[in-house]
Amino acid sequence: MFKKRHVLTMREFSREEIDSVLDLAEKLEPNARGEHSNILSGKILALLFFEPSTRTRMSFETAMKRLGGATIDLGAAEGSSISKGESLADTVRVIGNYADAIVIRHPKEGAARLASELSPVPVLNAGDGAGHHPTQTLLDLYTIKKESHLDALSIALVGDLKYGRTVHSLAYALSLYEADITLVSPPSLRMPEQIRADLSSRGTKVREACDLATVVNNVDVLYMTRIQGERFPDPVEYSKVARSYSLTPEFLAGAREKLIIMHPLPRVDEIAPSVDATPFARYFQQSFYGVPIRMALLKMLLEG
Ligand code: NCD
């Protein structure tokens, strides 16, 4: 059901499909930790990043290489024919003839979908503007499954719910697991109306709040996000909400014993470094899980 398909948003995934990726990731974890494998030998993954990335780009690369495959990287747009005026459409058509799959991150919403319409090989959306980030969601679900539980989950999505693509994708996926979701954001950064409507039409329990303190003690997972400064049309508007949330150990005094704190990273100041040493922090573990998840996805797309 997976071979040669595009991965653009979480809306296109069924729960069975997600579970099959999570199950395969579990089997591939020893390889993510360094055990040798050749299952993707001879395969090439193209990396097209038109926006900064550390974890997504490097974990895709790690996943491919640890499974015996190779990567080719467009590098900075200034070093490619994009700087001569070549379109995204032409770039994708060309690279689709070199590689077996394409990972793309782009500042414009819909860029990955456009790429998928032109590419002869599977396209994986690694973030399209304020749109979606489905591979992040798969690793987020894997983290929740391993470090907490997916059934009867109570979760708060906190921060920039308007521009944050990770929380858009995660909210769709959580609606398949009957999670109880609390959306915590400043009023100007609420989850887009369309997504809230989709969640309620899927029967998902969603609450909204502005104050993190009222929510912290009643959840199993606290999913923190960065205010996405680069997406604001007006820097003055950004400065009004820039420091909306700052999680410190004091905040966590009444938290559930098994609470886990997640963050797709990079963090700015929404989680104080002193939280790292608490038993709740899972964000660095979460970033490791990007490797087995992307291994699983690549194996399913390239090998079936
Ligand atoms: C996120 C992204 O790029 O959307 N980062 C990531 O992929 N881990 C989150 C962010 O930039 O805030």
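Quick caveat: nothing in here was measured; it's all calculated off a predicted structure.

Moving on, we get to the nonpolar core. One finds Ile18, Leu124, Leu141, Ile155, Leu157 and Leu174 to be the most contacted residues of the largest nonpolar core, which totals 60 residues. Among the elements that take part in this core, helix H9 (residues 283–303) stands out by supplying 10 residues, more than any other. When residues of this core are assigned to domains, at least three map to each of domain 1 (10–132 + 290–303) and domain 2 (134–287). Those residues in contact with Leu174 that sit more than four places away from it in its chain are Leu141, Leu153, Ile155, Leu157, Ala179 and Ile181.

Turning our attention to the site of the ligand. In the vicinity of the ligand, the contacting residues are Thr56, Arg105, His133, Gln136, Arg165, Thr166, Arg226, Gln228, Pro264, Leu265 and Pro266. For the ligand, an oxygen atom lies 3.0 Å from a polar atom in the side chain of Thr56. Between Arg226 and the ligand, the recorded distance is 2.9 Å, taken from a side-chain N or O atom to an oxygen atom. Relative to its unbound accessible surface of 320 Å², the ligand loses 94% to contact with the protein.

Strands sit in the order E7-E6-E5-E8-E9 across an open sheet of 5 strands; the sheet is parallel. Looking along the sheet, the strands with just one partner apiece sit at the ends: strand E7 (205–209) and strand E9 (260–262). Strand-to-strand twist of the sheet, defined as the mean angle between neighbouring strand axes without regard to direction, takes the value 20°. As paired strands, strand E5 (residues 154–158) and strand E6 (residues 180–184) are joined by 5 bridges and run parallel to one another. Considered in E6, the bridge of Ser154 is made with Asp180. Along the sheet face, helix H6 (residues 165–174) touches E5, E6 and strand E8 (221–224) and points at about 160° away from the line of E5.

Another point: the domain arrangement of the protein chain. With domains assigned, the protein chain is organised as domain 1 (10–132 + 290–303) and domain 2 (134–287). Listed as interface residues are 34 residues of domain 1 and, on the opposing side, 29 residues of domain 2. Of all residues in domain 1, the largest losses of buried area upon contact with domain 2 belong to Met10, Arg15 and Arg55, amounting jointly to 25% of the total for that side. On the surface where domain 1 and domain 2 come into contact, there are 7 salt bridges.

A few words now on helix H4 (residues 111–118). Ala111, Ala112, Ala115 and Ser116 are the residues of H4 that are buried. All buried residues of H4 project into a common sector of 140° when viewed along the axis, lining one side. For H4, the elements touching its buried residues are helix H3 (88–95), strand E3 (101–106) and strand E4 (123–128).

Rules of the game
- Residues numbered from 1 in each chain as written.
- Predicted model: local features only at pLDDT ≥ 70, side-chain atom pairs only at ≥ 80, totals over all residues.
- Heavy atoms only, no water.
- Core = buried A, V, L, I, M, F, W, Y, C linked by side-chain atoms within 4.5 Å.
- Buried < 20%, exposed > 50% of the residue type's maximum accessible area, 1.4 Å probe, protein only.
- Helix = DSSP H or I, 4+ residues; strand = E, 2+ residues; numbered from the N terminus.
- Domains from an automatic or database assignment.
- Contact = heavy atoms within 4.5 Å.
- Near = heavy atom within 4 Å.
- Polar contact = N/O pair within 3.5 Å; in protein donor to acceptor, adjacent residues only side chain to side chain.
- Areas by Shrake-Rupley, 256 points an atom, 1.4 Å probe, with all protein chains shown as cover.
- Pairing = 2+ DSSP bridges.
- Axes fitted to C-alpha atoms, helices over the stretch in contact; angles between N-to-C directions.
- Buried area = accessible area lost by both parts, 1.4 Å probe.
- Salt bridge = Lys/Arg side-chain N within 4 Å of Asp/Glu carboxyl O.
- Arc of directions from axis to C-beta.

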